[in-house]
Amino acid sequence: MATYTSRTVTTVRREWIVPAAAPWGACIGDINAATVAACRAVREERGLAEREPIADDALRFHVTDDAIVISFETETPVNQP
């Protein structure tokens, strides 16, 4: 007899999008501002104090054709009957 469990998870991804159109790309000030905003959101979401370190893998930076997307995900178990 097989033994297993299952679960349903809702994933929420928050994103900060910095325009980076060719040929100039993104400005460092815009990248820094978006990163600071994303770090604040991670701290709030995870209940971290302002001086507590954020894990190195907390934020992801994705380069697209015309933007840099900074994001993080939060998973929440769904109540199951």
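Now for a quick tour of the structure. (Residues numbered from 1 in each chain as written. Predicted model: local features only at pLDDT ≥ 70, side-chain atom pairs only at ≥ 80, totals over all residues. Heavy atoms only, no water.)

In this section: the overall build of the protein chain. Of regular secondary structure, the protein chain possesses one helix and three strands. In the protein chain, the succession of helices and strands from N to C terminus is β-α-β-β. Taking 12 Å as the expected radius of gyration for a compact globule of 81 residues, we find that the protein chain reaches 17 Å, considerably beyond that expectation. Counting only C-alpha atoms, the protein chain reaches 60 × 35 × 20 Å along its principal axes. Evaluated residue by residue, the protein chain yields a buried proportion of 23% over its 81 residues. Sequence-distant contacts, at least 24 apart, represent 63% of the contacts inside the protein chain between residues at least 6 apart. Total accessible area on the protein chain stands at roughly 6600 Å², and carbon and sulfur atoms take up 52% of it. (Helix = DSSP H or I, 4+ residues; strand = E, 2+ residues; numbered from the N terminus. Rg over C-alpha atoms; globule rule 2.2 N^0.38 Å. Buried < 20%, exposed > 50% of the residue type's maximum accessible area, 1.4 Å probe, protein only. Contact = heavy atoms within 4.5 Å. Areas by Shrake-Rupley, 256 points an atom, 1.4 Å probe, with all protein chains shown as cover.)

Examined bridge by bridge, strand S2 (residues 60–63) and strand S3 (residues 67–77) share four bridges and lie antiparallel to one another. In the strand pairing of S3, His-62 is matched with Val-69. Adjacent in sequence and paired antiparallel, S2 and S3 are bridged by three residues. (Pairing = 2+ DSSP bridges.)

The subject of this paragraph is the nonpolar core. One finds Trp-16, Leu-59, Ile-70 and Phe-72 to be the most contacted residues of the largest nonpolar core, which totals 13 residues. Listing elements by their share of this core, those giving two or more residues are strand S1 (9–19), helix H1 (28–46) and S3. No other element matches the five residues that H1 contributes to this core. Apart from the residues within four sequence positions on either side, Trp-16 is in contact with Ala-34, Ala-37, Ala-38, Ala-41, Ile-68, Val-69, Ile-70 and Phe-72. (Core = buried A, V, L, I, M, F, W, Y, C linked by side-chain atoms within 4.5 Å.)

The sheet contact formed by S1 and S3 spans 11 bridges and is antiparallel. The partner of Glu-15 across the bridge, within S3, is Ser-71.

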